[in-house]
Amino acid sequence: MKERRNDKYSCGSNKKYKNCCLEKNKIINNTTPILPPIYQLIIHKFISEQHIDVDKELKKYETEIYNSISFSKKSNPDILKDYIRVTETLMRNISSQYSTYELLFWSRRLAPLNIFEISELSVMLYRDVQSLCFYKYGISEENILIGANHSVHPNSMEQYNDLQYLVVLDKLKNENLPESIYKVISDVIRIEILSYLYIRATQFYRIANKGGTIIFDNINRKIMSAPNKDIEFLIDMYDERLINSNIFSRIGAYVDTTFSIENDGFCPHFQLNVDHKIKTKFFNFKNTEYSKIFKTENDKIEIATNYLLGANNIINIYDFLILFEKEFEDFYSFAVVDFILFLAYLGNKVLSDISINFESQFQILNRAYIIAKFNIDEFSKDFEQKYIEIHRVIFKTEIDHKIEANKIFHTFLLQKDNKNDIDLWTRGPKRFLYQLSNEFMVVDYSGLTEIISYIVKEITSVDGNIGNRRAIFFENSLESEIESIYTKEKMWICKNEITSNKFKKEIDASFIIDDVLFLIEAKAINVSFGFDKGDEVAVNYRINKMKSALKEVNEKAKFIHKYKNDLDKKLPENIKYICPLVISTNPEYIWSLDEKDELFISKELKFPRIISMPDIKKLQELDLLELKTKKWVINL
């Protein structure tokens, strides 16, 4: 039966047809000579025949996991640990039936639909867990299919690999899909369901350790969090504020990784385009065969893809890492500059791949990886040969330098005998090079940004001396950010002391908006492994650090008020109020809505007193009249 626009569609998303697969089917059903790739037709046939009921599978797994865990004399967090362990076992049992590449191939080509109607952030998290599961538990094998033009396909495509396109169309129209394809796509979706349950359990674990109540529903055999508006508000706010973090937040630093077109070096960043809400511009369509598909004579067109391409500025990354040059080289046995040029080399490979034609660009934005016709040794030699030229382009200088590129590549190669270093809970450490065969490699760019984060985390938490360098860098970054937004004239004191009557206080940063002095306490704290997991001890450690920082900045504001006429660095005459705030490198858990904690600049705007770097600019948008009524704001 043909679906109508307002029918619930049979793909299992539980959405109306017009909001789910209508537009995709318009493209898939196009009858022009240029048709979608074969795998896309296969996925469409699979979905249209409804081979898996997502809601039914979800309920089945919830019951199975619930029945497998022990409730005897255990705390809620410990019960949830059991739930997470059982869930990962089920994910492993499915993944271990297939090659890693086969799982990766189908999952990356299934659109990232929000099939559970949850936040986009949660979709990104469980899809990330799903990919890591493929790498951790998938079979490492070399039996892949090579098609025309060196295209690589998984074993499940064998029946279609060497056939003419029209023959494939005829087979898909008149024959059932092979059982192997039905099974692998169904199992990829099952792993996605389990990944959702997995990430949901880790979120419940965090809620339990933040004082929230977890309900164990013995009738429906499922776990839920108890309705609690305060906890839900705080969790939602934290999730929303995660957009303020970047790849260096977790290690207690802030590095502006914004890439501008004037830069020559970039590191690619791929992010899921959940529900295809954002479209990407594709160029050079005019007078090409692809203009027939999309019925346009324009030179450019916008198309929704599974991933969005961004870029990180590797020069700014270099400027941070070079502060830890010796520690970096001692830990990794290659230099910071070699790592930076390695990132530039990979970025160039992305550009080379997507610049070939529209199809190449479209494909990489739907899968976030490339297939490189190299083995690891050839890949390394290619980088060595291009090393001097890349250095010239990035750093504008000549260099006569030999490198051992093989060390770098093997650092990020998924080792078949050491897959257990992948932790699904903390989503790392990641590897983004995967040897498919003696000739072909997968370069998975979806994990590259996190690799940068993990590699710097290893070297910036070794000892106190490194912590001091990291903190100084953060304070310098903070000063530069304030100056760029408010100008030097609006700054009072940064990274300096004020004294009065032999007493002194150190001021990390301050600036002026109208007649309000914003007094900033900077806290550059690296994120521990326990915090990644949401462990109670780690969460409380950061809470106490932030409480201490708030207390400290409040005391500094009172000091200024008390000695305002005797300070060695005079307050500007127009200052009538002091607003003390804390800035952290990482968007923080806010632990209470209790008024006595004085944690919010504005609850309505979900704007806390513990801010992150991007919040500095947003302070301009505050209603200063309302701000001045806060009891923690000092009226001079």
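All figures in this text were calculated on a predicted structure; none of them were measured in a lab.

Reading the values: the criteria
- Residues numbered from 1 in each chain as written.
- Predicted model: local features only at pLDDT ≥ 70, side-chain atom pairs only at ≥ 80, totals over all residues.
- Heavy atoms only, no water.
- Helix = DSSP H or I, 4+ residues; strand = E, 2+ residues; numbered from the N terminus.
- Buried < 20%, exposed > 50% of the residue type's maximum accessible area, 1.4 Å probe, protein only.
- Contact = heavy atoms within 4.5 Å.
- Areas by Shrake-Rupley, 256 points an atom, 1.4 Å probe, with all protein chains shown as cover.
- Core = buried A, V, L, I, M, F, W, Y, C linked by side-chain atoms within 4.5 Å.
- Pairing = 2+ DSSP bridges.
- Axes fitted to C-alpha atoms, helices over the stretch in contact; angles between N-to-C directions.
- Parallel < 35°, antiparallel > 145°, perpendicular 65-115°, else oblique.
- Phe/Tyr/Trp six-rings, centres within 6.5 Å; stacked < 30°, edge-to-face > 60°.
- Lys NZ or Arg CZ within 6 Å of the ring centre and 35° of its normal.
- Nonpolar A, V, L, I, M, F, W, Y, C, P; charged D, E, K, R; others polar.
- pLDDT = per-residue confidence, 0-100.
- Salt bridge = Lys/Arg side-chain N within 4 Å of Asp/Glu carboxyl O.
- Expected span 1.5 Å × (residues − 1).

(A) Local environment of the overall build of the protein chain. The secondary structure content of the protein chain amounts to 22 helices and 20 strands. The buried share of the protein chain, taken over its 636 residues, is 56%. A fraction of 72% describes how many contacts in the protein chain between residues 6 or more apart in sequence connect residues 24 or more apart. Carbon and sulfur atoms form 48% of the exposed surface of the protein chain, whose accessible area is close to 29,100 Å².

(B) Up close: the nonpolar core. Core analysis: the largest hydrophobic core is formed by 151 residues, its most contacted members being Trp106 and Phe383. A total of 18 residues in this core trace back to one element, the largest contributor, which is helix H8 (residues 179-209). Sequence-distant contacts of Phe383, defined by excluding residues within four places in its chain, comprise Asp338, Leu341, Phe342, Tyr345, Ile390, Ile403, Ala405, Ile408 and Phe409.

(C) Spatial organisation of the pairing of strand E4 (residues 222-225). Taken together, the 4 bridges between strand E3 (residues 214-217) and E4 define a ladder with antiparallel strand orientation. Looking at the pairing, Asp217 lines up with Lys222 of E4. Here E3 hands over to E4 after 4 residues, with Arg221 in that stretch at a positive phi of 55 degrees.

(D) Broad picture of the environment of Ile223. Note on placement: Ile223 falls in strand E4. Ile223 gets classed as buried once you look at its relative accessible area, which sits at 1%. Residues in contact with Ile223, not counting those within four places in the same chain, are Tyr66, Ile69, Leu80, Tyr83, Arg200, Phe204, Ile214, Ile215 and Phe216.

(E) Up close: the sheet that holds strand E10 (residues 433-435). The strand order E9-E11-E10 describes an open sheet built from 3 strands, whose pairing is antiparallel. Sheet topology places strand E9 (369-372) and E10 at the edges, where each strand pairs with a single neighbour. Within the sheet, the average angular offset between the axes of one strand and its neighbour, ignoring direction, is 20 degrees. Two strands pair when backbone bridges link them, and E10 and strand E11 (residues 441-444) are joined in this way by 3 bridges, in the antiparallel orientation. Considered in E11, the bridge of Gln435 is made with Met441.

(F) View of the packing of helix H13 (residues 336-354) against helix H17 (residues 448-459). Closest axis-to-axis distance for the H13/H17 pair is 12 Å, and the angle between their directions is 175 degrees. In terms of orientation, H13 and H17 fall into the roughly antiparallel class. For the pair H13 and H17, contact is made by Phe339, Leu343 and Leu346 and by Leu448, Ile452 and Ile455, respectively.

(G) Molecular detail of the packing of aromatic side chains. Under the definition given, this model contains 40 aromatic pairs. With a centroid separation of 6.5 Å and 75 degrees between ring planes, the pair formed by Phe270 and Tyr307 is classed as edge-to-face. Of this pair, Phe270 sits in strand E5 (residues 266-272) while Tyr307 sits in strand E8 (residues 307-313), and the two are 37 residues apart along the sequence. It is Lys60 that lies over the ring of Tyr61; its NZ or CZ is 4.5 Å from the centre. We note Arg609 situated over the ring of Trp632; from NZ or CZ to the ring centre the distance is 4.1 Å.

(H) Here's a closer look at the packing of H13 against helix H14 (residues 358-367). Running from N to C, H13 and H14 cross one another at 130 degrees; their axes reach a closest spacing of 7 Å. As far as their axial angle goes, H14 and H13 are oblique. Between H13, through Val350, Asp353 and Ile354, and H14, the contact on the second element is made entirely by Ser360, Gln361, Ile364 and Arg367. Each residue belonging to the contact of H13 with H14 can be placed in one class, and the counts come to 3 nonpolar, 2 polar and 2 charged.

(I) Here's a closer look at unusual backbone geometry. One non-glycine residue with positive phi stands out, namely Lys396, at about 60 degrees. Within the element layout of this structure, Lys396 appears in the loop between helix H15 (376-395) and helix H16 (405-411). If you check the backbone angles, Thr487 has positive phi at about 75 degrees while not being a glycine. Note on placement: Thr487 falls in the loop between helix H18 (464-486) and strand E12 (496-500).

(J) Quick peek at the confidence of the model for the protein chain. Mean pLDDT over the protein chain works out to 85, with 90% of the residues at or above the 70 mark. Across residues 1-14 the pLDDT falls below 50, and counting only partners more than four positions away or on other chains, this stretch makes 33 contacts in the model. Ignoring residues within four places in sequence, the model shows residues 21-34, a span with pLDDT below 50, making 25 contacts including any to other chains.

(K) Main features of the environment of Lys281. Following the sequence through the fold, Lys281 ends up in strand E6 (residues 279-283). For the pair Lys281 and Ile303, spaced 22 residues apart in sequence, the C-alpha to C-alpha distance is 6.6 Å. Sequence-distant contacts of Lys281, defined by excluding residues within four places in its chain, comprise Lys300, Ile301, Glu302 and Gln361.

(L) Structural view of the pattern of salt bridges. In total, this model carries 33 salt bridges according to the counting rule given. Here Arg85 ties to Asp82 by a salt bridge, and the two come within 3.7 Å at their closest N and O atoms. Here Arg85 and its partner Asp82 are both found in helix H4 (residues 76-95), 3 residues apart, which amounts to about one turn of the helix. Within the structure, one salt-bridge network assembled from shared partners comprises Glu57, Lys60, Lys183, Asp187 and Arg190.

(M) Region of the structure containing helix H6 (residues 120-137). An ideal rise of 1.5 Å per residue puts 26 Å on 18 residues; H6 measures up with 26 Å between its terminal C-alpha atoms. Counted residue by residue, H6 has 14 buried out of 18 residues, so it is predominantly covered.

(N) Up close: the side chain of Glu479. Turning to its location among the elements, Glu479 is positioned in helix H18. Aside from chain neighbours lying at most four places away, what touches Glu479 is Lys488, Met491, Cys494 and Lys495.

(O) Just the pairing of strand E13 (residues 503-507), in detail. Pairing between E12 and E13: 5 bridges, direction antiparallel. Counterpart to Thr499 in the pairing with E13 is Lys504.

(P) Examining the environment of Thr87 more closely. Turning to its location among the elements, Thr87 is positioned in helix H4. Each C-alpha atom, one on Thr87 and one on Glu62, is 9.2 Å from the other, the two residues being 25 residues apart in sequence. Here Thr87 is in contact with Ile65, Leu194, Leu197 and Tyr198, once residues within four sequence places are set aside.

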